[in-house]
Amino acid sequence: MFSDQDKSFMRLALEEANKSFINNEVPVGAVVVMGNEVLGCGHNNVIRDNDVSSHAEIMAIREASKSLDNYRLNKAIIYTTLEPCHMCAKAIVDARVDKIIFATPEPKTGSLVSIDNILERLTFNHKVSYEYGLFEEESSNLLKDFFKKRRKN
């Protein structure tokens with residue numbers, strides 16, 4: 001189902017998620033890839049930036065767009081450790097990313113399989129495919145550990 005290349009890129013996304021964890025942000029990481037090249041990485045910085053749009057996926061898309069000097073990321077894949085919310089899913093569509101691979105569903109705000117199926121329910125001007133479950137346990141455990149730690153403080 002998932003290639004060794006997919007696993008390698010999702011490991012990078014998990015490394016990004018760990019950066020958020022260390023900074024007391026919800027641990028989500030994302031990596032935008034085209035071919036074998038990483039174009040952009042991101043992790044949640046909502047609190048640091050005082051910016052609700054500073055989600056991992058948005059940060060990775062911003063960096064990838066700067067790398068290409070183009071806001072269109074045709075033929076790119078985004079690897080993210082958590083199912084994207086509606087804002088991130090729409091940004092992925094608008095950036096023309098071809099595919100999303102995410103680790104674990106997000107039961108409260110996930111827009112692809114959890115609370116909605118926005119990519120199949122609505123007709124957008126660009127079709128994005130998705131798969132999930134790659135390193136689901138690792139991503140889920142990181143999130144659980146983060147919220148356990150937060151409840152203790």
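A brief structural summary.

## What about helix α6 (residues 136-152)?
End to end, α6 covers 24 Å across 17 residues, agreeing with the expected 24 Å (1.5 Å per residue, within 8%). Here the buried face of α6 lies against α1 (4-22), β3 (77-82) and β4 (99-104).

## Focus on the packing of α1 against α6
Running from N to C, α1 and α6 point in directions that differ by 0°, and their axes come no closer than 11 Å. Classified by the interaxial angle, the pair formed by α1 and α6 is roughly parallel. Note on element contacts: α6 touches α1 through E138, S139, L142, D145, F146 and K149, opposite L14, A17, N18 and F21. Looking at the contact of α1 with α6 residue by residue, the classes come out as 5 nonpolar, 2 polar and 3 charged.

## Looking at the nonpolar core
If you look at the biggest cluster of nonpolar residues, it comprises 25 residues, and the most contacted ones within it are V32, L73, I78, I100, L112 and L119. At the level of elements, β1 (29-34), α3 (56-68), β3, α4 (86-94), β4 and α5 (118-121) are the ones that each hand at least two residues to this core. Counting residues per element, this core draws most heavily on α3, at 4 residues. Within the second largest apolar cluster, 12 residues are counted, among which are M10, V33, I101 and L134.

## What to know about the packing of α3 against α4
Interhelical geometry of α3 versus α4 gives an angle of 25° and a closest axis separation of 9 Å. It follows from the interaxial angle that α3 and α4 lie roughly parallel. The hand of the α3/α4 crossing is left-handed. In this structure, α3 contributes E57, I58 and I61 to the contact, and α4 contributes M87, C88, A91 and I92. For the contact of α3 with α4, the class distribution of residues is 6 nonpolar, no polar and 1 charged.

## Some points on the pairing of β4
Among the 6 residues that make up β4, 5 are buried, leaving the element largely enclosed by the rest of the structure. Note: β3 against β4, 5 bridges, orientation parallel. Paired with Y79 across the bridge in β4 is I101. Read from β3 through α4 to β4, the crossover connection turns out right-handed. The pairing of β4 with strand β5 (residues 129-132) spans 4 bridges and is classified as parallel.

The rules we used
- Each chain has its residues counted from 1, following the order in which its sequence is written.
- Totals for whole chains, interfaces and linings use all residues, but because this is a predicted model, local features are given only for residues with pLDDT of at least 70 and pairs of side-chain atoms are given and counted only at 80 or more.
- Side-chain measures were taken over the full set of non-hydrogen atoms in the model, leaving aside hydrogen atoms and water.
- Helix numbers and strand numbers start at the N terminus; a helix is a DSSP run of H or I with at least 4 residues, a strand a run of E with at least 2.
- Helices are assigned an expected span. That span is 1.5 Å times one less than the residue count.
- By the convention used here, residues are in contact when the closest approach between their heavy atoms is within 4.5 Å.
- Axis lines are fitted through C-alpha atoms, for helices just across the contact stretch, and the angle between N-to-C directions can take any value from 0 to 180 degrees.
- Oblique is the label for every angle not falling under 35 degrees (roughly parallel), over 145 degrees (roughly antiparallel), or within 65 to 115 degrees (roughly perpendicular).
- All amino acids are sorted into three groups, where Ala, Val, Leu, Ile, Met, Phe, Trp, Tyr, Cys and Pro are nonpolar, Asp, Glu, Lys and Arg are charged, and the leftover types, Gly among them, are polar.
- As used in this record, nonpolar core signifies buried Ala, Val, Leu, Ile, Met, Phe, Trp, Tyr and Cys residues forming a set joined through side-chain atoms within 4.5 Å.
- The rule is simple: take the accessible area with a 1.4 Å probe, protein chains only, and divide by the maximum for that residue type; under 20% is buried, over 50% is exposed, in between is partly exposed.
- Here a crossing is called left-handed whenever its near helix is offset anticlockwise from the far helix by less than a right angle, and right-handed whenever the offset is clockwise.
- Think of it this way: DSSP has to see at least two bridges between two strands before they count as a pair.
- Handedness is read with the strands pointing away from the viewer; a crossover is right-handed when the path from the first strand over the helix to the second is clockwise.

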